[in-house]
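Single-letter residue listing:
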Amino acid sequence: MKSSKEETQKSYPLLSLRNILVFPKSTISLEVGRARSVKAVELAQASGMGLVLCSQKDTEIAEPSPEHIYTVGTLGLIKEVAKSVSGNLRIVVEGLRRVKVTSYLTSDPAFVVSVEELEDVGVGRQEADMLIKALMEQYEEYVRVTRNVPAETLISIAAIRDPGHLCDTIAAHIPVSIAEKQQILETLEVRERAEKLLDVLEKEIELAGLEKRINLRVKKQIEKSQREYWLREQMKAIQKELGDKDDSISEAEEFRQKIEKAGLTGEAREKALREVDRLEKMPQAAAEAVVVRTYLEWLVSLPWNVLTEDNIDINRAQAILDEDHYGLREVKERIIEYLAIRKLVDKPRGPILCFVGPPGVGKTSLAKSIARALGRKFVRISLGGVRDEAEIRGHRRTYIGALPGRIIQGIRTAGSRNPVFLMDEIDKLASDFRGDPAAALLEVLDPEQNHTFSDHYLEVPFDLSRVMFITTANSSYTIPRPLLDRMEVITIPGYTEEEKIEIGTHFLIPKELKEHGLDSSHLSIRKEALREIIRAYTREAGVRNLERQIATICRKTARDLVSGKRQRVTITPKNIEKYLGIPRFHYGQVEKENQVGVALALAVTDVGGDVMACEVSVVKGKGRLTMTGQLGDVMKESGQAAMSYLRSRSADLGLPEDFYENVDIHVHVPEGAIPKDGPSAGITIACAIASALTNRPVRHDVAMTGEITLRGRVLPIGGVKEKVLAAHRAGIFNIILPRENKKDLEEVPPNIREELTVTFVDHMDQVLAAALCDPEDRNEINTLPCVDQLKAAQDVAMDQMSQ
Ligand SMILES: Nc1ncnc2c1ncn2[C@@H]1O[C@H](COP(=O)(O)OP(=O)(O)OP(=O)(O)O)[C@@H](O)[C@H]1O
Ligand SMILES: [Mg+2]
């Protein structure tokens with residue numbers, strides 16, 4: 001192929017190449033831009049001879065000097081020259097053979113160098129075939145793993161039978177560094193060149209494999225998320241096809257939005273978001289998904305950030321309280337005090353009030369009214385019969401159908417974090433093997449703990465510290481002690497007749513009229529009629545029955561009006577029976593006459609104060625004392641104490657010393673079905689037994705209360721106000737009270753006190769003197785002698801007895 005011209009010519013212009021290396025026997029297109037390079041091309045073109053193509057060691061250098069250029073290169077022939085769009089020259093050159101630059105002749109305007117031609121050091125045919133085979137195998141493997149060699153290249157390469165040429169061609173086609181290619185170019189020994197190329201190929205194959213693995217891994221990750229996305233999209237599409245309205249993705253999103261909107265606090269928010277994530281991954285119809293969904297619904301529906309603004313206008317609050325309830329001064333004052341403090345301190349501890357009193361005195365409705373006065377929401381739960389801790393604190397979510405406890409349920413109903421929360425009937429809490437609800441309530445009511453109240457179901461704490469808790473009970477005795485300690489007890493003892501008339505006139509009648517769609521032009525109830533209703537149709541400490549009777553009248557009136565029978569109804573004591581039927585109670589007639597063995601006790605039961613008869617019968621027997629009427633142990637013991645006292649006074653009472661050996665004594669307290677307990681009937685039992693033994697009647701217009709000791713001392717009792725009111729209600733105006741209870745009488749309204757004759761006693765003897773009549777005096781009604789007279793009477797009695 002060598003032309004004669006080339007052989008003689010040993011000096012050529014030199015083109016320094018950046019980023020490219022031209023091998024012999026390959027044709028390549030080059031872009032030439034640098035001035036010196038353009039000149040070199042022009043020189044070569046002009047001479048019509050070759051051009052030395054040498055690569056630059058460092059591609060960054062724009063104007064290289066000889067030391068920046070490899071000395072071994074390829075002699076090439078220019079086949080074509082054209083101007084490219086960018087104004088550069090585009091030439092096509094064909095590599096001819098290896099040359100080595102021996103010296104630079106000039107460098108301006110172009111490099112001109114003299115070169116020495118280099119010859120391959122060949123191998124024998126056999127070795128050549130082996131090398132070709134090895135190279136081809138390796139190259140094929142390379143093509144297989146990199147997959148970026150076009151098929152034609154492979155075919156043309158396969159046709160090469162010279163291993164040196166094959167090496168050059170392969171090296172020209174693989175994307176390795178110029179330095180590596182230069183090594184191949186500079187190696188003249190064909191075997192060595194082949195070995196070097198094999199090494200390069202092997203390295204490339206390894207790299208390609210590595211790359212493939214990395215690519216694969218990246219791809220896998222992308223694919224996984226794509227796959228999930230794709231599946232979700234498919235699921236959506238399927239659900240749409242099936243007509244399911246909501247898809248789980250938007251459901252989860254919805255929950256997320258709700259969580260943000262509900263203002264969940266740190267821990268709760270995290271928990272909720274975790275649950276949403278879980279929900280998202282579950283099939284929609286999974287049983288577990290239902291549980292999670294319900295749980296999330298609960299979380300987002302709680303008023304985490306809802307606080308109502310308190311109305312702290314004291315005058316307005318007072319007006320509202322007065323508007324709803326008559327009297328109840330103490331409670332109202334307490335509320336106003338709370339408001340005043342609220343005005344000064346932003347976050348006072350909600351007081352925990354406990355209203356104790358008989359039914360129908362307005363405990364529940366008062367709590368409602370407090371909420372109204374404060375401008376807070378109101379919720380009420382009843383604790384009566386709650387015996388399971390879980391009712392307060394909820395079930396763990398692992399239970400089927402688990403729900404939060406009543407506290408959290410109440411808060412949700414209230415819809416604010418600071419409602420007035422009424423817990424009715426806290427005295428009716430029970431406790432058994434399912435845990436102690438009172439203990440759970442302790443946490444709720446304790447201001448130190450309740451800002452992180454934890455419900456088993458919610459699993460995250462809820463702040464109850466802004467809630468105003470109010471509890472109610474009929475009696476404070478049965479409230480668990482530690483609970484009672486945390487509360488401020490306010491007793492509402494019951495109303496007097498006058499108070500009831502006020503309540504009736506100003507509250508109950510207007511309320512019932514309104515509820516029945518009537519007004520005062522349709523129905524009026526005279527004051528005397530109201531009193532008659534109170535006396536003859538109700539016997540209660542509160543006003544619930546009174547309210548019911550008034551409702552009955554309203555109902556019947558409404559019927560009369562609608563049927564056109566009447567235009568207007570006025571209730572008087574005369575026509576009352578027409579509306580309410582025959583009277584149920586006989587006012588002032590607990591017992592109609594003085595009787596032997598019957599004494600009246602004053603007691604406090606769950607329904608308020610009451611007057612109870614205590615009956616005794618004495619029959620022949622062996623000295624047994626029987627007590628019936630559902631009496632508690634304490635009451636039975638006070639019966640025994642009474643008995644012991646009487647035995648010690650047998651001489652004074654005119655009884656034989658061993659009287660008890662020959663008789664059986666039966667004490668009965670009706671009404672037999674109602675449980676009764678407490679020591680306060682002690683003197684009544686003693687009095688009734690004494691009467692039965694001595695055959696002296698007891699005055700039927702006297703009621704008494706007091707504890708008795710073995711020696712006959714009379715000890716003070718509780719509930720004086722309720723008892724006195726009950727006696728007054730029953731129309732009994734003579735009362736015997738322990739002297740130490742004198743101070744308690746202050747609580748009784750003065751107008752009632754004036755109507756009563758109260759005898760204070762220290763000793764049972766005084767009781768007997770005051771309450772027992774002479775044997776023949778069975779029907780006489782005496783007013784009680786005052787204490788001084790009583791003492792005289794007692795002396796007389798003692799004298800009589802000792803005679
Ligand atoms: N002082 C009062 N002024 C006006 N209305 C009253 C008063 N006291 C009670 N009432 C009315 O009597 C009715 C019964 O009261 P409420 O239901 O609050 O009784 P309670 O004490 O909660 O009874 P219970 O112990 O049985 O639950 C209500 O309609 C209430 O408005
Ligand atoms: Mg109530």
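Residues numbered from 1 in each chain as written. Chains lettered and ligands numbered in written order. Predicted model: local features only at pLDDT ≥ 70, side-chain atom pairs only at ≥ 80, totals over all residues. Heavy atoms only, no water.

Moving on, we get to the nonpolar core. Counting residues in each nonpolar core, the largest one holds 54 residues, and the members touching the most others are Ile407, Met423, Ile426, Leu441 and Val444. Take this core: its biggest share by element is seven residues, from helix H10 (residues 287–301). Discounting chain neighbours no more than four positions away, the residues touching Leu441 are Leu383, Ile392, Ile407, Met423, Ile426, Leu429 and Leu483. If you look at the next biggest cluster of nonpolar residues, it comprises 51 residues, including Ala317, Val331, Tyr338 and Ile470. (Core = buried A, V, L, I, M, F, W, Y, C linked by side-chain atoms within 4.5 Å. Buried < 20%, exposed > 50% of the residue type's maximum accessible area, 1.4 Å probe, protein only. Helix = DSSP H or I, 4+ residues; strand = E, 2+ residues; numbered from the N terminus. Contact = heavy atoms within 4.5 Å.)

Backbone-to-backbone hydrogen bonds join strands into a sheet, with any given pair of strands oriented parallel or antiparallel. The strand order across the open sheet formed by five strands is E8-E9-E12-E7-E13, and the pairing between neighbours is parallel. A strand with exactly one partner marks an edge of an open sheet, and here the two such strands are strand E8 (378–382) and strand E13 (488–491). The sheet shows a mean angle of 20° between the axes of neighbouring strands, direction not considered. In terms of strand pairing, strand E7 (residues 353–356) meets E13 through four bridges, oriented parallel. Bridging across to E13, Leu353 finds its partner in Glu488. Here helix H12 (residues 329–344) sits on the sheet in contact with E7, strand E12 (468–473) and E13, set at roughly 145° to E13. (Pairing = 2+ DSSP bridges. Axes fitted to C-alpha atoms, helices over the stretch in contact; angles between N-to-C directions.)

What follows concerns the packing of helix H5 (residues 163–173) against helix H7 (residues 190–242). Interaxial distance between H5 and H7 falls to 9 Å at its minimum, and their mutual angle equals 30°. By the angle between their axes, H5 is roughly parallel relative to H7. As H5 runs across H7, the sense of the crossing is left-handed. Between H5 and H7, the contacting residues are Pro163, Gly164, Cys167, Asp168, Ile170 and Ala171 on the first element and Val190, Arg193, Ala194, Leu197 and Leu201 on the second. (Parallel < 35°, antiparallel > 145°, perpendicular 65-115°, else oblique. Left-handed = near helix turned anticlockwise from the far one by under 90°.)

This paragraph deals with the site of ligand 1. Inspection of the region around ligand 1 gives 19 residues, with Lys363, Thr364, Ser365, Lys511 and Arg544 positioned closest. Contact distances for ligand 1 include 2.8 Å between an oxygen atom and a side-chain N or O atom of Arg544. Here an oxygen atom of ligand 1 and a side-chain polar atom of Glu547 are 3.0 Å apart. For ligand 1, the accessible surface in isolation is 640 Å², of which the surrounding protein chains cover 88%. Sorting the residues of the shell around ligand 1 by element identifies helix H13 (363–374), helix H18 (497–515) and helix H20 (544–562) as the ones contributing at least two each. Its residues assigned to classes, the shell around ligand 1 comprises eight nonpolar, six polar and five charged. (Near = heavy atom within 4 Å. Polar contact = N/O pair within 3.5 Å; in protein donor to acceptor, adjacent residues only side chain to side chain. Areas by Shrake-Rupley, 256 points an atom, 1.4 Å probe, with all protein chains shown as cover. Nonpolar A, V, L, I, M, F, W, Y, C, P; charged D, E, K, R; others polar.)

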